[in-house]
Amino acid sequence: MGRAFVAGLAVLAALTGCTVQTPDGEGKRRSPVHIELPDDTPVPERTPAGGGDAPSAAPAPDDDKPAAPAPPRVLWSRGDTGRDVRELQARLRQVAWLFEGPTGTYGEQTERAVSGFQGKRGLPRTGKTDAVTWQRLVRMTREPGRWDLYLMGGQQADPPDARCRTGRVLCIDKTSRTLRWMIDGRTVSTMAVRFGSRGTPTREGVFSVYWKSRDHVSTLYDSPMPYAMFFSGGQAVHFSADFAARGYAGGSHGCVNVRDEPAIAELFAQVRNGDRVVVSW
């Protein structure tokens, strides 16, 4: 009967794909039944020793996560020039972050002023005028007028008066606030000028230079008038340190002020007594 039982087990193992294991070479018994699974049968994961959870796979990247916002567009930065830079400088002057100019050139002083303005308002201190900085500044200031933009000169001269097109002429235009030194219709040099105030206006008309005084001092106002070229009574074209310092924020007692000292020094050397002076709107 024992033999029949063992034979039955062998038949059963053959039919089920199982193999009866005999003792190994060391006399140790192995599991009496070894089950062979087909190659495509999934094998369940084993729990690590110690009973801990199996390590999970790394999470997939979240493709739906929003991208960081792009930095605001830079409008102007160091080295830029033009009318827009003048407006930026004029507005920075209004909020006391800039004291020079406007010059129309984005230089070191403008960069420093923009950086200070940005830092005061919690913006990145780049020194570059981006769209966010510009919008904040515009909200805090008013639209600059023409002479806010050209407070220290630099404006374009208007076409010369017809009376300036022949001979040697100091052609002075009150509209554009410029002086052209012209010889036979050709412009030799151009410079910014300012005029008398309402109570002491600069006279208009055609005159002649009748006296030049290199180191003149006004006897009426006790003020220096270097490089003075007199053309009508006590009114003269001359250098003004006040104009150089304050620009069009001030005015003269009727004289034509020039703020560029090297330019008027050169002009003084070229102009002769008897040359015409035309003052017009």
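Everything here concerns the structure above.
Nothing here was measured: the structure is a model prediction, and the numbers come from that model.

Trainee: How should I be thinking about the sheet that holds strand E9 (residues 211–217) in this particular structure?
Mentor: In a beta sheet, neighbouring strands are held together by backbone hydrogen bonds and run either parallel or antiparallel to one another. Sheet architecture is open: nine strands sit in the order E8-E13-E5-E6-E7-E12-E11-E10-E9, paired in mixed fashion. Both outer strands of the open sheet, strand E8 (205–208) and E9, are each paired with one neighbouring strand and no more. Between one strand axis and the next, the sheet turns by 30° as a mean value, whatever way the strands run. Relative to strand E13 (residues 276–280), strand E5 (residues 168–173) runs parallel, the two being bridged by five bridges. Bridge pairing in E13 links Asp 173 to Ser 280. Packed onto the sheet, helix H7 (residues 261–270) meets E5, strand E6 (178–183), strand E7 (186–194), E9, strand E10 (224–232), strand E11 (235–239) and strand E12 (256–258) and runs at close to 45° relative to E10.

Trainee: What should I look at first to understand the pairing of E5 in this one?
Mentor: On any regular strand, side chains alternate: one points to one face of the sheet, the next to the other face. The buried count for E5 comes to five of six residues, which makes it a mostly enclosed element. Judged from the six bridges that link them, E5 and E6 form a sheet pairing that is antiparallel. The residue of E6 that forms the bridge with Arg 168 is Ile 183. Connecting E5 to the antiparallel partner E6 that follows it, the hairpin turn spans four residues, and Arg 177 within it adopts a positive phi of roughly 55°.

Trainee: What am I meant to see in the environment of Leu 123 here?
Mentor: In this fold, Leu 123 is placed in the loop between helix H3 (108–120) and strand E4 (129–130). Sequence-wise, Leu 123 and Thr 133 are ten residues apart; in three dimensions their C-alpha atoms are separated by 7.6 Å. Not counting the four nearest positions on each side in its chain, Leu 123 is found in contact with Gln 118, Val 132, Thr 133 and Arg 136.

Trainee: What is the right way to look at the environment of Val 132 in this model?
Mentor: Topologically, Val 132 is positioned in helix H4 (residues 131–140). Between the C-alpha atoms of Val 132 and Gln 118, which are 14 residues apart in sequence, the distance is 9.6 Å. Among residues more than four places away in sequence, those in contact with Val 132 are Pro 72 and Leu 123.

Trainee: Which parts of the structure should I look at to understand the nonpolar core?
Mentor: Soluble globular proteins tend to bury their nonpolar side chains together. If you look at the biggest cluster of nonpolar residues, it comprises 22 residues, and the most contacted ones within it are Leu 170, Ile 172, Leu 179, Met 229, Val 237, Leu 267 and Val 277. The contacts of Ile 172, once residues within four sequence positions are left out, are Thr 178, Leu 179, Val 193, Phe 195, Val 237, Val 256, Val 277, Val 278, Val 279 and Ser 280. Formed by eleven residues, the second largest nonpolar core is a distinct cluster that contains Leu 92, Ala 113, Phe 117 and Trp 134.

Trainee: Got a minute to help me understand the side chain of Thr 129 in this structure?
Mentor: Within the secondary structure layout, Thr 129 lies in strand E4. At 3.0 Å, the side chain of Thr 129 and the side chain of Tyr 106 are in polar contact. Look past the residues within four positions of Thr 129 in its chain and what remains in contact with it is Val 74, Leu 75, Trp 76, Leu 88, Tyr 106, Val 114 and Trp 134.

Trainee: Could you clarify how one ought to interpret unusual backbone geometry in this entry?
Mentor: Where the residue is not glycine, phi is negative for most of them; where a peptide bond is considered, it is trans in most cases. With an omega of 5°, the peptide bond between Gly 101 and Pro 102 qualifies as cis. Following the sequence through the fold, Pro 102 ends up in the loop between helix H2 (83–94) and H3. Here Asp 184, not a glycine, exhibits a phi torsion of approximately 50°, which is positive. Residues other than glycine seldom take positive phi values, yet Tyr 227 does so here, at roughly 60°. Structurally, the position occupied by Tyr 227 is in strand E10. Overall, Tyr 227 belongs to the buried group, its relative accessible area being 9%.

Trainee: It is not clear to me how the pattern of salt bridges should be interpreted in this structure. Could you clarify?
Mentor: For side chains of opposite charge, pairing can occur when their charged atoms come near one another. Inspection of the entire model under this criterion finds twelve salt bridges. Here Asp 275 ties to Arg 168 by a salt bridge, and the two come within 3.1 Å at their closest N and O atoms. You can see Asp 275 sitting in the loop between H7 and E13 and its partner Arg 168 sitting in strand E5, a full 107 residues away along the chain. The residue Asp 242 makes a salt bridge to Arg 246 at a minimum N-O spacing of 3.3 Å. Within this pair, Asp 242 and its partner Arg 246 are both found in helix H6 (residues 241–246), separated by four residues, close to a single helical turn. Exposure remark for Arg 246: the relative accessible area of 41% places this residue in the partly exposed category. Linked through salt bridges whose partners overlap, the residues forming this network are Arg 83, Glu 87, Arg 91 and Glu 143.

Trainee: What's the story with the packing of H3 against H4 in this structure? I'm lost.
Mentor: H4 packs onto H3 with a crossing angle of 85° between their chain directions and a minimal axis gap of 11 Å. One way to sum up the angle between H3 and H4 is to call them roughly perpendicular. Contacts between H3 and H4 involve Val 114, Phe 117 and Gln 118 from the first element and Thr 133, Arg 136, Leu 137 and Met 140 from the second. Residues belonging to the contact of H3 with H4 are distributed by class as follows: four nonpolar, two polar and one charged.

Procedures and definitions
Residues numbered from 1 in each chain as written. Predicted model: local features only at pLDDT ≥ 70, side-chain atom pairs only at ≥ 80, totals over all residues. Heavy atoms only, no water. Pairing = 2+ DSSP bridges. Helix = DSSP H or I, 4+ residues; strand = E, 2+ residues; numbered from the N terminus. Axes fitted to C-alpha atoms, helices over the stretch in contact; angles between N-to-C directions. Contact = heavy atoms within 4.5 Å. Buried < 20%, exposed > 50% of the residue type's maximum accessible area, 1.4 Å probe, protein only. Core = buried A, V, L, I, M, F, W, Y, C linked by side-chain atoms within 4.5 Å. Polar contact = N/O pair within 3.5 Å; in protein donor to acceptor, adjacent residues only side chain to side chain. Salt bridge = Lys/Arg side-chain N within 4 Å of Asp/Glu carboxyl O. Parallel < 35°, antiparallel > 145°, perpendicular 65-115°, else oblique. Nonpolar A, V, L, I, M, F, W, Y, C, P; charged D, E, K, R; others polar.

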